[in-house]
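A closer look at the structure
One letter stands for each residue in the lines below.
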Amino acid sequence: MIRNDLDDIAFAGARQTGAASREIEVVYLDSDATARKQIHERLTDHHTEITVTSVATTDAALEAAASTDVSCLVLDPTGLGDIPAALVSNDRYPVVLYTDATAPDSVAPVFDDAETVVTKQADGQPLLLAEKIVSVVSAPVDRTESALRDAVSGIESRAEANEIAVLLADDGTVQWSSEAVSAFVSGLDETCRVEDFYDAMDRALPDTPSGRRQLQRLRDSPTEPVALGVSGTDHDQYLLRHGYELPDATGGLTLVLLRDITETARRDARTALLDILVERAQDGLYTIDERGVIDFCNDSFAATLGYEPGKLCGTHILEVLAPGEFPKGQAAVEELLEAPDQESTTVDLTFRRKDGTERELSFNHTLTHDEAGNYNGVIGVARDVTERKRREREYQEMMERFNFALKGAELGVWDWNPKTNDVTFDEHWTGMLGYSKDELEPHYESWADLVHPDDLDRAEQALGKLKTGETELYQCEFRMRTKDGDWRWIRDLGKVFEWNDDGEAIRAVGIHQDITQERKRQNAIERQRDELVTLDRVNVLVQDLIRALGTTTTQDELAETVCDRIVESELWDLAWIGERSGGNGNLTPQAVAGDDEECLDSITSADQTDPGPGETALRTGTIQTTTVESGTESTSWEDTESDRGTRSIAAIPIVHGDIVHGVLCVCTDQQDGFTARVAESFAVLGEMLGFAFMAVQNRRLLSRDRILELTFESRNADTPLISVANAYGCRIEAVGSVDIDPTHLLYLSVDGGPADAVSEQLRSHEDILDSRVVRTDDDGGILELQVTKTIQSLLLDVGARRRTLVAEGGTLSITVEAPLGADSRTIQEALAVCTPDFALTAKQECKQPNDILDAESDPRDHLTDRQQEVLRTAFLAGYYAWPRDTNAEQLAATLDIASSTLLQHLRRAERNLIDAIFDS
């Protein structure tokens with residue numbers, strides 16, 4: 001245990017028990033080889049603790065001194081030349097001169113640095129040299145102990161009552177202390193022995209960023225004054241550390257003085273805190289003597305009135321009070337004088353600022369008395385309430401307007417104290433929920449208990465933001481339960497109108513508005529929105545099916561494709577197609593997708609007196625919609641208006657013209673899944689399927705030898721081709737078309753007219769997206785039109801194809817090929833999309849043209865759709881003419897592809913065609 005007795009001090013590296021107890025490393029530098037050998041042997045023989053390293057040059061001596069723990073340097077400067085100062089002038093080891101030099105002036109610096117000199121040639125000198133070496137090596141230890149004892153004695157004599165002195169080694173080890181460190185520092189265990197000062201401080205200081213920073217400063221700056229805050233058992237202790245580095249003679253120790261400044265720190269802190277509170281208080285602090293003169297005020301009081309504190313002190317209160325306010329202040333003082341038991345009173349007074357403006361201040365007065373108990377003035381606190389008064393006036397004005405507005409509206413009013421949760425509900429508020437005013441407690445919980453549980457958290461979060469001032473206006477919509485158990489939608493609006501001095505909301509006022517009917521209208525709008533979403537998806541489905549049906553070859557494949565795509569869209573659970581069969585026209589399933597037995601059983605009925613929606617749609621040719629129970633009743637008490645537990649069914653007739661081929665039935669669990677507009681979209685799907693069924697039949701008919709040839713004519717001068725042909729007296733004939741989805745390219749030959757002018761006029765029509773001249777000659781040329789639709793594409797949609805199209809002499813004539821038995825009205829209606837007044841002028845049955853290729857040998861089957869499109873466009877645009885009517889760059893621009901891509905398509909298409917020709 002560390003004591004004050006220096007005899008028990010364990011100085012690091014300073015305790016010595018004599019030279020015999022330590023090894024002495026000697027470096028002997030001498031240019032005389034004989035002397036080096038002799039001295040080396042005699043020294044080691046005389047003292048076994050002495051180890052000698054003999055060297056002949058100063059460089060070798062420096063190297064030896066750097067690589068070994070040298071205790072002493074012995075040297076003869078004779079013959080060594082200049083001796084480096086670094087070798088002899090340092091604090092690491094003493095220097096002994098062993099020499100016979102008679103001219104010391106030449107080596108004077110070496111003699112100055114040497115501890116002693118031993119004559120070299122005298123008898124018995126090697127033994128004397130050994131004793132001198134032991135002496136000079138041991139002497140520093142003795143001096144360190146002596147100097148250290150003197151230092152400790154001086155510290156003990158000067159130590160103060162609230163101070164402790166500690167001697168530290170470089171590593172923080174406590175070498176000595178004027179009293180026990182653990183007893184002096186309240187944060188340490190008094191029975192704990194302190195060996196390392198910094199470890200002890202680490203235990204005493206709080207484990208906080210501040211405590212860790214203080215400890216780091218103690219370690220990094222041993223002599224810097226550092227203030228420490230130590231957490232004690234009863235109270236915190238504050239210490240001031242000063243550090244002093246002691247002379248090298250004491251062993252390189254550091255003196256640390258720890259002074260307990262706890263009481264001083266607390267006293268200064270209280271004084272400083274009081275000064276800060278007075279000067280920086282937001283409220284004004286003041287004293288007024290018995291004459292009414294201000295003899296003290298803080299910065300806040302003076303700043304409120306626009307003065308410097310020094311300028312306001314000594315001023316009579318009358319000079320800063322507004323006219324007529326002084327009697328009110330006197331009355332407040334007299335009230336306290338007449339009621340000695342009353343400690344203070346508050347009065348609101350209007351003051352006139354230095355700049356002439358007025359402020360309203362609330363004064364809390366307390367009387368002061370002299371030693372004899374006589375009244376000698378007032379001390380108090382003044383708070384600027386100008387804004388509060390303004391808000392109160394605004395509130396009163398607002399309430400007047402508010403109450404006036406409420407008379408003509410069905411609104412309920414609430415008045416809430418967010419701090420106490422007391423609430424006042426007016427009769428309209430309680431009445432809209434079916435209660436009388438006396439039936440509900442005037443408390444926040446009365447409101448919370450009536451709010452729908454799913455809406456309460458959202459509403460309370462909004463109120464919380466209003467309460468904390470995060471939002472200025474509170475607005476929320478939620479459901480509330482009426483006395484009858486129904487649910488009404490309420491719109492709640494509110495605002496805080498009063499805050500207390502601590503910045504807490506203490507009054508908020510708002511209104512309740514019954515928006516149940518508005519919500520119903522909103523729900524209807526949302527249903528319409530959902531309907532539009534469904535409608536859009538139906539239309540997407542229809543377009544998808546149109547593309548898919550183009551690749552089907554049989555009616556069965558058509559039916560399966562339609563049912564599968566409908567169910568895959570995930571809007572509908574069941575899709576079923578039935579076709580007419582038997583003499584009674586019953587429906588039999590042709591394809592089905594999905595799994596909904598309840599819905600499937602409801603589609604058809606064996607009872608002819610009460611047919612199902614499928615039979616009705618088949619018979620009437622109109623869409624039938626209905627709902628059926630799904631066996632899942634609603635258990636949600638909140639959905640009072642929903643029709644859950646039902647499934648929606650639609651039966652869509654598959655029609656083409658006047659013929660109903662079958663029925664498509666679709667089922668979904670969506671409420672009102674088939675609105676009028678959705679049903680209309682499905683009606684389009686039914687018509688599309690009817691056409692697809694007919695198209696399949698037409699494809700079979702087109703493979704026969706006989707076809708139907710129809711001629712349609714129009715003399716509508718507003719038709720673009722007729723108007724242009726009339727304008728230039730020319731003949732315009734279609735020579736081909738290409739579908740480059742989403743638009744089409746139509747190629748026309750112009751005969752007897754200027755191709756450039758015809759192209760320019762056609763481009764001016766809104767139905768024509770673009771027009772360019774492919775080739776010109778002396779009497780016409782070839783044009784390329786980009787249009788949204790062509791006659792050819794319209795005819796293909798109804799199972800027919802265009803043979804010729806000619807505009808000449810005021811007439812547009814179209815020859816159409818169709819299968820035998822085709823409905824000319826359907827074809828005419830398709831043509832009417834372009835020109836509404838087409839008339840059928842000829843109809844005859846004829847042989848299939850010879851240019852119809854056999855399906856098995858048609859080389860176009862070896863081309864992809866894209867290759868056919870590119871190759872046909874290139875052919876019609878004159879790419880293969882010589883010289884070319886259209887170059888590769890123009891053709892690529894028409895197809896909206898890169899030139900390299902165009903050439904790649906063409907090469908592949910040409911190769912495939914050549915392969916097909918030679919293979920056949």
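Residues numbered from 1 in each chain as written. Predicted model: local features only at pLDDT ≥ 70, side-chain atom pairs only at ≥ 80, totals over all residues. Heavy atoms only, no water.

**Points about the overall build of the chain**
Along its length, the chain carries 28 helices and 33 strands. For the chain, buried positions account for 43% of its 920 residues. In the chain, the proportion of contacts linking residues at least 24 apart, taken out of those at least 6 apart, comes to 53%. (Helix = DSSP H or I, 4+ residues; strand = E, 2+ residues; numbered from the N terminus. Buried < 20%, exposed > 50% of the residue type's maximum accessible area, 1.4 Å probe, protein only. Contact = heavy atoms within 4.5 Å.)

**Brief notes about a nonpolar patch on the surface**
A grouping of Ile914, Ile917 and Phe918 is seen on the molecular surface, where their side chains present a nonpolar patch of about 360 Å² in accessible area. Overall, the relative accessible area of 69% leaves Phe918 in the exposed class. (Patch = residues over 30% accessible without salt bridge, like charges linked within 9 Å, V, L, I, M, F, W, Y side chains within 5 Å. Areas by Shrake-Rupley, 256 points an atom, 1.4 Å probe, with all protein chains shown as cover. Salt bridge = Lys/Arg side-chain N within 4 Å of Asp/Glu carboxyl O.)

**Some words on the pattern of salt bridges**
It is possible for side chains of opposite charge to pair when their charged atoms get near one another. Throughout the structure, instances matching the rule amount to 38 salt bridges. Here Asp384 makes a salt bridge to Arg359, at a shortest N to O gap of 2.9 Å. Here Asp384, found in strand 15 (residues 375-384), pairs with Arg359, found in strand 14 (residues 358-369); they are 25 residues apart in sequence, far enough to count as distant. Judged by relative accessible area, Asp384 falls into the partly exposed class, the value being 32%. Residue classification places Arg359 among the partly exposed positions, given a relative accessible area of 23%. Residues joined in a network through salt bridges with shared partners are Asp348, Arg388, Lys389 and Glu392.

**Side note on helix 8 (residues 209-220)**
The terminal C-alpha atoms of helix 8, which comprises 12 residues, lie 16 Å apart, in line with the 16 Å expected from a rise of 1.5 Å per residue. Taken together, the buried positions of helix 8 are occupied by Gly211, Gln214, Leu215 and Leu218. Each buried residue of helix 8 sits inside an arc of 95° when the element is viewed along its axis, so together they form one side. Those residues of helix 8 that are exposed and angled more than 90 degrees off the buried face are Arg213 and Asp220. Residues of helix 8 that are buried in the fold lie against helix 7 (197-204), strand 8 (226-230) and strand 9 (237-245). (Expected span 1.5 Å × (residues − 1). Arc of directions from axis to C-beta.)

**Re the side chain of Thr116**
Considering the arrangement of structural elements, one finds Thr116 in strand 5 (residues 116-119). Excluding anything up to four places from it in sequence, Thr116 contacts Val95, Val96, Leu97, Lys132 and Val136.

**Focus: the side chain of Asn298**
Within the secondary structure, Asn298 sits in the loop between strand 12 (294-297) and helix 10 (299-304). Exposure remark for Asn298: the relative accessible area of 0% places this residue in the buried category. Only 3.0 Å separates the side chain of Asn298 from the backbone nitrogen of Leu285, close enough to count as a polar contact. (Polar contact = N/O pair within 3.5 Å; in protein donor to acceptor, adjacent residues only side chain to side chain.)

**Some remarks on the sheet that holds strand 31 (residues 801-808)**
Spatial strand order, 29-30-28-27-31-32-26-33: eight strands in an open sheet with antiparallel pairing. In this open sheet, the two strands that pair with only one neighbour each are strand 29 (768-777) and strand 33 (839-847). When strand polarity is set aside, the average angle formed by the axes of neighbouring strands in this sheet is 20°. With seven bridges joining them, strand 26 (residues 706-714) and strand 32 (residues 811-818) adopt antiparallel strand pairing. (Pairing = 2+ DSSP bridges. Axes fitted to C-alpha atoms, helices over the stretch in contact; angles between N-to-C directions.)

**Examining the packing of helix 22 (residues 720-728) against helix 23 (residues 755-763)**
Two elements in contact, helix 22 and helix 23, have axes separated by 10 Å at closest approach and are oriented at 145°. Here helix 22 and helix 23 pass one another in a crossing that is right-handed. When helix 22 is examined against helix 23, the residues Pro720, Leu721, Ser723, Val724, Ala727 and Tyr728 are found in contact with a partner set consisting of Ala757, Val758, Gln761 and Leu762. By residue class, the composition of the contact of helix 22 with helix 23 is eight nonpolar, two polar and no charged. (Left-handed = near helix turned anticlockwise from the far one by under 90°. Nonpolar A, V, L, I, M, F, W, Y, C, P; charged D, E, K, R; others polar.)

**Things to note about the confidence of the model for the chain**
A residue-level look at the chain finds 84% of positions with pLDDT of 70 or above and a mean pLDDT of 81. Low pLDDT, under 50, characterises residues 632-644; the stretch is placed with 13 contacts to residues that sit more than four places away or in other chains. (pLDDT = per-residue confidence, 0-100.)

**Regarding the sheet that holds strand 19 (residues 487-499)**
Taken in spatial order, the five strands line up as 17-16-20-19-18 in an open sheet, and their pairing is antiparallel. Single-partner strands in this sheet number two, and they are strand 17 (422-425) and strand 18 (473-481). Going across the sheet, the axis of each strand differs from the next one's by a mean of 25°, ignoring polarity. Across nine bridges, the pairing between strand 18 and strand 19 is antiparallel. Each bridged residue has a counterpart across the sheet, and for Tyr474 the counterpart in strand 19 is Gly494. Taken strand by strand, helix 16 (residues 453-468) contacts strand 16 (411-417), strand 18, strand 19 and strand 20 (505-514), and its axis lies near 160° from that of strand 18.

**Description of the pairing of strand 11 (residues 284-289)**
Among the six residues that make up strand 11, five are buried, leaving the element largely enclosed by the rest of the structure. Examined bridge by bridge, strand 11 and strand 15 share six bridges and lie antiparallel to one another. Across the sheet, the residue bridging to Asp289 is Gly377, located in strand 15. In terms of strand pairing, strand 11 meets strand 12 through three bridges, oriented antiparallel. Residue pairing for strand 12: Tyr286 is matched across the bridge by Cys297.

**A look at unusual backbone geometry**
With an omega of -5°, the peptide bond running from Trp882 to Pro883 counts as cis. With respect to the helices, strands and loops of the structure, Pro883 is situated in the loop between helix 26 (865-876) and helix 27 (888-895). With phi around 65°, Asn421 is a residue other than glycine that occupies positive phi space. Summarising the element assignment, Asn421 is placed in the loop between strand 16 and strand 17. The phi dihedral of Asp896 is positive, around 60°, even though this residue is not glycine. Mapping Asp896 onto the fold places it in the loop between helix 27 and helix 28 (899-919). Its relative accessible area of 70% is what places Asp896 among the exposed residues.

**Considering helix 2 (residues 58-67)**
Residues separated by three or four positions in an α-helix point in the same direction, a consequence of the helix having 3.6 residues per turn. Listed in full, the buried residues belonging to helix 2 are Thr58, Ala61, Ala64 and Ala65. For helix 2, the angular spread of the buried residues around the axis is 120°, confining them to a single face. Of the exposed residues in helix 2, the ones pointing more than 90 degrees away from its buried face are Asp59, Glu63, Ala66 and Ser67. Close packing links the buried residues of helix 2 with strand 1 (24-29), strand 2 (50-55) and helix 3 (85-88).

**Things to note about the packing of aromatic side chains**
Evaluated as defined, the whole model comprises 15 aromatic pairs. For the ring pair Trp414 and Tyr474, a centre distance of 6.5 Å and an interplane angle of 70° mean the geometry is edge-to-face. A residue pair is termed long-range when its members are at least 10 positions apart, and Trp414 in strand 16 and Tyr474 in strand 18 qualify at 60 residues. Overall, the relative accessible area of 5% leaves Trp414 in the buried class. Through a chain of ring-to-ring contacts, the aromatic side chains of Trp414, Trp416, Tyr444, Trp447, Tyr474 and Phe478 assemble into a single cluster. Here the basic side chain of Arg519 rests over the ring of Trp489, its NZ or CZ set 3.7 Å away from the ring centre. (Phe/Tyr/Trp six-rings, centres within 6.5 Å; stacked < 30°, edge-to-face > 60°. Lys NZ or Arg CZ within 6 Å of the ring centre and 35° of its normal.)

**Comments concerning the environment of Leu794**
When you line up the elements, Leu794 lands in helix 24 (residues 791-796). The exposure class of Leu794 is buried, given its relative accessible area of 10%. Here the alpha-carbon distance between Leu794 and Val833, two residues 39 residues apart in the chain, equals 8.0 Å. Among all residues touching Leu794, those that are not within four sequence positions of it are Lys789, Ala830, Val833 and Cys834.

**Focus: the state of the cysteines**
Applying the stated rule across the entire model yields zero disulfides. Looking at the unpaired Cys297, the closest cysteine sulfur is the one in Cys313, lying at 4.2 Å. (Disulfide = S-S within 2.5 Å.)

**Topic: the environment of Phe693**
Here Phe693 is to be found in helix 21 (residues 676-702). By relative accessible area, Phe693 is classed as buried at 3%. Excluding residues within four positions of it along the chain, Phe693 makes contact with Gln555, Leu558, Gln590, Ile654 and His661.

**Things to note about the environment of Leu361**
Positionally, Leu361 belongs in strand 14. When the C-alpha atoms of Leu361 and Phe351 are compared, they prove to be 7.2 Å apart, with 10 residues separating the residues in sequence.

**Focus on the pairing of strand 7 (residues 174-177)**
Looking at chain direction, strand 6 (residues 163-168) and strand 7 are connected through three bridges and run antiparallel. By the bridge assignment, Leu167 is partnered in strand 7 with Trp176. In this structure, the hairpin formed by strand 6 and strand 7 is closed by a connection of five residues, where Gly172 is found at a positive phi of approximately 90°.

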